[in-house]
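As a plain string of letters, each chain reads:
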Amino acid sequence: GAGVSQSPSNKVTEKGKDVELRCDPISGHTALYWYRQSLGQGLEFLIYFQGNSAPDKSGLPSDRFSAERTGGSVSTLTIQRTQQEDSAVYLCASSLQSSGGYEQYFGPGTRLTVT
Amino acid sequence: GQNIDQPTEMTATEGAIVQINCTYQTSGFNGLFWYQQHAGEAPTFLSYNVLDGLEEKGRFSSFLSRSKGYSYLLLKELQMKDSASYLCAVRGGNDYKLSFGAGTTVTVRA
């Protein structure tokens, strides 16, 4: 079956522009996560969805970042007024359940470069 | 907050064994995961430990000691394709969120 997909794979944008990153999780996975990975850094948690609701937005770095999930499936991460420090690989992951030994399946990521 | 520590880099020879250590200090504990990440690719799941002891899966084994806040990933009979970054991740007390270490880059030499 299909894995987690993300689009675009690469995005170059000018400072100050808005960007939208898309994640299609594995069908039937109720839990969805967004992470950010900067060069040489570990994965930084951004936000977690259970179904369509986001019980934990604590990792969003600023109010320029927002995310939504519709129909318990596709999720969009939006970054407004991008800054150079937003440059990173944005990874999406989904899992069947959020607890226990259920692993998170990662998408290939979106590499965002803000010039 | 959560603190996950693992070495930055390790080098080993093809056919040898390498042990990647991970120590953690977290608010609560609900499991530890190891992921493999090849350069430019997504992390892929390797192992999960929630009880103390050793979990063996082919050439890879993972160990956990909850009292010591310690885990290791053991890679045996190293192959060139094992050259990758290995990520230690801990699920804390909230039971859904993973906190990741910075990763250990393993280089396998012929």
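Use the structure listed above.
Visitor: Got a sec to walk through the side chain of Asp56(A)? Specific residues and values, please.
Guide: Positionally, Asp56(A) belongs in strand E6 (residues 53-56). Salt bridges are absent for the buried Asp56(A), whose nearest opposite-charge side chain, Lys97(B), sits at 4.2 Å. Among the polar contacts made by the side chain of Asp56(A), one reaches the side chain of Ser58(A) at a distance of 2.5 Å. If sequence neighbours within four positions are ignored, Asp56(A) has contacts with Phe45(A), Ile47(A), Tyr48(A), Tyr96(B) and Lys97(B).

Visitor: So what's going on with the interface of chain B and chain A? Which residues, and what values?
Guide: With 16 residues of chain B at the contact, the number on the chain A side is 22 residues. For the chain B and chain A pair, buried surface summed over both sides reaches about 1,500 Å², with 55% attributable to carbon and sulfur atoms. Considering only the surface of chain B that becomes buried against chain A, Tyr96(B), Lys97(B) and Phe100(B) emerge as the three largest contributors, covering 34% of it. Linking chain B with chain A are 0 salt bridges. If you look at where chain B meets chain A, you find 2 residue pairs in polar contact (both at pLDDT 80 or more). Listing elements by their share of the side of chain B that touches chain A, those giving two or more residues are strand E4 (32-37), strand E5 (44-49), strand E9 (84-91) and strand E10 (98-100) of chain B. With 3 residues, E4(B) is the single largest residue contributor to the side of chain B that touches chain A. Grouping the amino acids of the side of chain B that touches chain A by side-chain chemistry returns 11 nonpolar, 2 polar and 3 charged.

What counts, and where the lines are drawn
- Residues numbered from 1 in each chain as written.
- Chains lettered and ligands numbered in written order.
- Predicted model: local features only at pLDDT ≥ 70, side-chain atom pairs only at ≥ 80, totals over all residues.
- Heavy atoms only, no water.
- Helix = DSSP H or I, 4+ residues; strand = E, 2+ residues; numbered from the N terminus.
- Buried < 20%, exposed > 50% of the residue type's maximum accessible area, 1.4 Å probe, protein only.
- Lys, Arg positive; Asp, Glu negative; His and termini not counted.
- Salt bridge = Lys/Arg side-chain N within 4 Å of Asp/Glu carboxyl O.
- Polar contact = N/O pair within 3.5 Å; in protein donor to acceptor, adjacent residues only side chain to side chain.
- Contact = heavy atoms within 4.5 Å.
- Buried area = accessible area lost by both parts, 1.4 Å probe.
- Nonpolar A, V, L, I, M, F, W, Y, C, P; charged D, E, K, R; others polar.

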